[in-house]
Amino acid sequence: MSARPATAAVSSPAVESAAVESADPCCAAPLPVLGRDVTVPLVTGGEVTYAALDYAASAPALQRVWDDVAAYAPYYGSVHRGAGYLSQLSTDLFENSRTTVAEFLDCRPGDQIVFTRSTTDSLNLLAQTLPADCQVFVFETEHHASLLPWRDARVTYLNAPRTPEQAVETLERALADRDPYGPALVCVTGASNVTGELWPVRELAAAAHAHGARIVLDAAQLAPHHPVSVRELDVDWIAFSGHKLYAPFGSGVLAGRADWLQEAEPYLAGGGASKKVARRSDGGVDVEWHTTAARHEAGSPNVIGVYSIASACKALTEAGFDALVERERHLIAKVREGLAAVPAVRVLSLFGDDAPRVGVISFVVDGWNSSHFAAALSAEYGIGVRDGLFCAHPLVRTLLGSDPQDPGECGAPEAEPGERSLNAIRVSFGAGTPDEHVDRFVRAVRELVADGAKWQYRTEAGRCVPAV
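Because the structure is predicted, anything quoted here is derived from the model rather than measured.

**Topic: the overall build of the protein chain**
Here comes step 1: If you tally the helices and strands in the protein chain, you get 15 helices and 19 strands.
Here comes step 2: Taken against the 2.2 N^0.38 rule, which gives 23 Å for 468 residues, the C-alpha radius of gyration of the protein chain at 23 Å falls within 12% of a compact globule.
Here comes step 3: Structurally, the protein chain occupies a C-alpha span of about 80 × 60 × 45 Å along its principal axes.
Here comes step 4: Here the protein chain holds 468 residues, and the buried ones make up 56% of them.
Here comes step 5: A separation of at least 24 residues holds for 70% of the contacts in the protein chain among residues at least 6 apart in sequence.
Here comes step 6: With an accessible surface of roughly 19,400 Å², the protein chain has 52% of that area assigned to carbon and sulfur atoms.

This is how it looks when you write it as structure tokens:
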């Protein structure tokens, strides 16, 4: 197997078979994903095909990605420093993957693609490269991955806006009041992991640059659903995770301007980041660090994770984002119309019902503890959703109208079944979701609200589970 076939082993019968899986003649077919045929037991008896509706946490891997990784696996080798054929082949694949990601993001000449473990890792890496006395501006609506890494900087947390226009105005006012002579960075999400709403990234980038600041885009929830162009959005950096982009766990990307990355100390010190190491006469060590992306990729990289991201980028590009977006709008409409028909359900939103969004919707149900409701969806209908504060505690508390000091933990509600909890339920879906999963979810919500749960539940280790 030559280097070229290995790095290009991205054609898969799974892609060709997708056309026969379409559940609606007006929309593109769902892309084949792992686990689409998995069955799970119901507490009420029998089994059902699992409806994975927690894409915002981790999307199932595309079958195409899994096939590509399996084709490469026998040729696995350490990258960059090996003289053997498999090492050279793996190095070629690794670096070609960097090019594929750059093309997927429409990066500018000179932008660097740094491979990381996740969006969280990417933003923590960027936080370590900030110039001295850098000011950081971040909305309270961010996921904790974007909200928390800036511990060594001067951080201004901005209140949740209620319209896209208000978001831009809020940022402009904050930037106008800052010290205009120091470096500044704005961190903003592309699509909310709680409401799914799209943020005005291009307008926020323009406001940041007009005031001499830079901007980093958390695209963890945006990149799997919409095309993302670094050039068109005019952002300085972008971060996303492979496990939300239909690739396996453990890989991520930080892409963008090279200067801060080149000037900062390596994120990790070790092999791969160092270009030259020599002993000094006084017994110490002198180190010359790489100025390429390798500067922040010390250690043996996750070659399979990197290749899986590149494979997912190719698969989504070849499937066509226009078709994927249209199908997702079809599913969003089904969910929103179904929830709107249940008076006890309140959908959470910052920007209002008409705001454009991706396939992420959070809601609460009158008279239900959110953990209890999610447990019933799983145990009685085979539907996997998320409940809690979604690692965005300030945002969810704002949307629920609660006091910022109210108790409540991400994924660990304390209330018993039937008691109110400071949490919400989130349903999320994407390119691999068939209509039947969404239809089952809407039916289940309607039945649970109308008839109640068919089973008894109890709290165990902070979670609601079926009583046995």
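**Regarding a nonpolar patch on the surface**
Here comes step 1: Residues Val277, Val285 and Val287 make up a contiguous nonpolar surface patch of roughly 230 Å² in combined accessible area.
Here comes step 2: Relative to the helices and strands, valine 277 resides in strand S11 (residues 274–279).
Here comes step 3: When its relative accessible area of 52% is taken as the criterion, valine 277 is described as exposed.

**Section: the pairing of strand S14 (residues 360–365)**
Here comes step 1: In terms of burial, S14 is largely enclosed, as six of its six residues are buried.
Here comes step 2: Of the two faces of S14, both are covered, the one formed by Val360, Ser362 and Val364 as well as the one formed by Ile361, Phe363 and Val365.
Here comes step 3: Bridging between strand S13 (residues 345–347) and S14 involves three bridges; their strand directions are antiparallel. Paired with valine 347 across the bridge in S14 is phenylalanine 363.
Here comes step 4: Here four bridges tie S14 to strand S17 (residues 424–428), and the two strands are oriented antiparallel to one another. Each bridged residue has a counterpart across the sheet, and for valine 360 the counterpart in S17 is serine 428.

Definitions and limits used
Every chain is numbered independently, its residues counted from 1 as its sequence is written. Only residues with pLDDT of at least 70 are given local features in this predicted model, and only at 80 or more are side-chain atom pairs given and counted; all residues enter the totals for whole chains, interfaces and linings. Calculated side-chain values reflect all of the structure's heavy atoms, with hydrogen atoms and water omitted. The helix count covers DSSP runs of H or I at least four residues long, the strand count covers runs of E at least two residues long, and both are numbered beginning at the N terminus. Two things to know: the radius of gyration comes from C-alpha atoms, and the globule rule equals 2.2 Å times the number of residues to the power 0.38. Burial here depends on accessible area, computed with a 1.4 Å probe over protein chains only, as a share of the maximum for the residue type. Under 20% is buried, over 50% is exposed, and the range in between is partly exposed. We call two residues in contact whenever any of their non-hydrogen atoms come within 4.5 Å of each other. To be clear on the numbers: accessible area is Shrake-Rupley with a 1.4 Å probe, and residue cover counts the displayed protein chains and nothing else. Patch membership requires over 30% relative accessible area and the absence of a salt bridge. Like charges are linked within 9 Å, and nonpolar side chains (Val, Leu, Ile, Met, Phe, Trp, Tyr) within 5 Å. Think of a salt bridge as a Lys or Arg side-chain nitrogen and an Asp or Glu carboxyl oxygen that are within 4 Å of each other. Pairing between two strands requires that DSSP report at least two bridges joining them.

Everything listed here is a matter of coordinates, which is why it stays silent on function.
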